[in-house]
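Structural overview for review
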Amino acid sequence: NIKNIDEENDSQLEDLIKERDELKDKLMRALAESENIRKRSFKDRQDAEIYAVSKMSRDILSVFDNLQRAYISIKSDPSLKGNKDLDKFLSNIQIIEKDLISIFKKNKIEKIDTKNKKFDPNFHQAMTEMEDDKVEPGTIVQEMLPGYMFGNRLLRASLVAVSKKKAQNEEKKPENSEKN
């Protein structure tokens, strides 16, 4: 009888150990899932904040571009030269531009440097190619619209002109002139 009781106790103990191990496994999986959810929600919140800031920053960059265009347009109009009120207005535009640049820097928005750089599709958008044998093909030779980074994320690609080799025109005029 004692042998049966011992066997029954051993069987119950094995069942309890098995149940304990299953519960422990479930608990560990639940803790891991909880940690994954916490990390995912933290990353989602960060991405949402970055997206919101990025969208607003792109909109502000558009205003900044238009402000610069207005300044250049007014400054280059010869009929407006010597107007003291206009000169005050232009100096105020420059102050606003400096303030915006300061705000950009404070918020980790940096202009992409394109001067003498090789074209990189991750940061630049080629709008045209220009023949230029003075620089290596694929070098940025003109910036049409500056690009900006927000931290390590691209806010807006630089719109650029990229160099290419001059076309080698094989003149066949002597042959064509013989036909005439």
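Keep in mind that what you see is a predicted model, and the values were worked out from it rather than measured.

A few words on the packing of aromatic side chains. Considering all chains together, one arrives at two aromatic pairs under this definition. Through successive ring pairs, a cluster of aromatic residues spans Phe 64, Phe 104 and Tyr 148.

Sheet strands associate in pairs through backbone hydrogen bonding, adopting either a parallel or an antiparallel arrangement. Spatial strand order, 2-6-3: three strands in an open sheet with mixed pairing. Each having just a single partner strand, strand 2 (124–131) and strand 3 (140–145) make up the two edges of the open sheet. Each adjacent strand pair in this sheet contributes to an overall mean axis angle of 30°, direction not counted. Bridge analysis of strand 3 against strand 6 (residues 158–164) gives four bridges, and the strand direction is antiparallel. Of the residues in strand 6, the one forming a bridge with Glu 143 is Val 160.

Our focus in this paragraph is unusual backbone geometry. For Lys 108, which is not glycine, the phi dihedral falls at a positive 65°. Its place among the elements puts Lys 108 in the loop between helix 2 (84–106) and strand 1 (109–111). Although it is not a glycine, Asn 116 adopts a positive phi angle of roughly 60°. Within the secondary structure layout, Asn 116 lies in the loop between strand 1 and strand 2.

Taken together, the three bridges between strand 4 (residues 148–150) and strand 5 (residues 153–156) define a ladder with antiparallel strand orientation. What sits directly across from Met 149, in strand 5, is Leu 154. Hairpin connection between strand 4 and strand 5: a loop of two residues separates the two successive antiparallel strands, and Gly 151 in this loop has a positive phi of roughly 65°.

Turning next to helix 2. In a regular helix each residue adds 1.5 Å, so 23 residues correspond to 33 Å; helix 2 covers 33 Å between its end C-alpha atoms and thus fits that length. Elements in contact with the buried residues of helix 2: helix 1 (2–75) and strand 1. Lys 108 lies just past helix 2 and shows a positive phi near 65°.

Here we take up the side chain of Thr 139. For Thr 139, the position within the fold is in the loop between strand 2 and strand 3. Note on Thr 139: relative accessible area 8%, which makes it buried. A polar atom in the side chain of Thr 139 sits 2.7 Å from the backbone oxygen of Glu 136. Once residues within four sequence positions are removed from consideration, Thr 139 is found in contact with Asn 116, Lys 117, Lys 118, Ala 161, Val 162 and Ser 163.

Right, let's talk about the side chain of His 124 for a bit. For His 124, the location among the structural elements is in strand 2. In this structure His 124 touches Ile 112, Asp 113, Thr 114, Lys 118, Phe 119, Ile 140, Ala 157, Ser 158 and Val 160, once residues within four positions along its chain are discounted.

Moving on, we get to helix 1. Each α-helix winds once per 3.6 residues, and so residues spaced three or four apart point in a common direction. In this model helix 1 runs 107 Å from its N-terminal to its C-terminal C-alpha over 74 residues, within 8% of the 110 Å that 1.5 Å per residue would give. All of the buried residues along helix 1 are Ser 54, Ser 57, Leu 61, Phe 64, Asp 65, Leu 67 and Tyr 71.

For Leu 80, the location among the structural elements is in the loop between helix 1 and helix 2. Measuring from C-alpha to C-alpha, the distance between Leu 80 and Leu 67 comes to 18 Å, with 13 residues separating the pair along the chain. Leaving out residues up to four positions away in the same chain, Leu 80 has contacts with Ile 74 and Leu 86.

Further remarks concern the environment of Pro 137. Of note, Pro 137 is situated in the loop between strand 2 and strand 3. In sequence terms Pro 137 and Lys 3 are 134 residues apart; their C-alpha atoms lie 91 Å from each other. Among all residues touching Pro 137, those that are not within four sequence positions of it are Lys 118, Ser 163, Lys 164 and Lys 165.

Below, the discussion takes up a negative patch on the surface. The grouping of Asp 6, Glu 7, Asp 10, Glu 14, Asp 15, Glu 19 and Glu 22 at the surface amounts to a negative patch. Following the sequence through the fold, Asp 6 ends up in helix 1.

Calculation criteria
- Residues numbered from 1 in each chain as written.
- Predicted model: local features only at pLDDT ≥ 70, side-chain atom pairs only at ≥ 80, totals over all residues.
- Heavy atoms only, no water.
- Phe/Tyr/Trp six-rings, centres within 6.5 Å; stacked < 30°, edge-to-face > 60°.
- Pairing = 2+ DSSP bridges.
- Helix = DSSP H or I, 4+ residues; strand = E, 2+ residues; numbered from the N terminus.
- Axes fitted to C-alpha atoms, helices over the stretch in contact; angles between N-to-C directions.
- Expected span 1.5 Å × (residues − 1).
- Contact = heavy atoms within 4.5 Å.
- Buried < 20%, exposed > 50% of the residue type's maximum accessible area, 1.4 Å probe, protein only.
- Polar contact = N/O pair within 3.5 Å; in protein donor to acceptor, adjacent residues only side chain to side chain.
- Patch = residues over 30% accessible without salt bridge, like charges linked within 9 Å, V, L, I, M, F, W, Y side chains within 5 Å.
- Areas by Shrake-Rupley, 256 points an atom, 1.4 Å probe, with all protein chains shown as cover.
- Salt bridge = Lys/Arg side-chain N within 4 Å of Asp/Glu carboxyl O.
- Lys, Arg positive; Asp, Glu negative; His and termini not counted.
- Charge placed at Lys NZ, Arg CZ, Asp CG, Glu CD.

The values reported here are purely geometric and, on their own, carry no functional implication.
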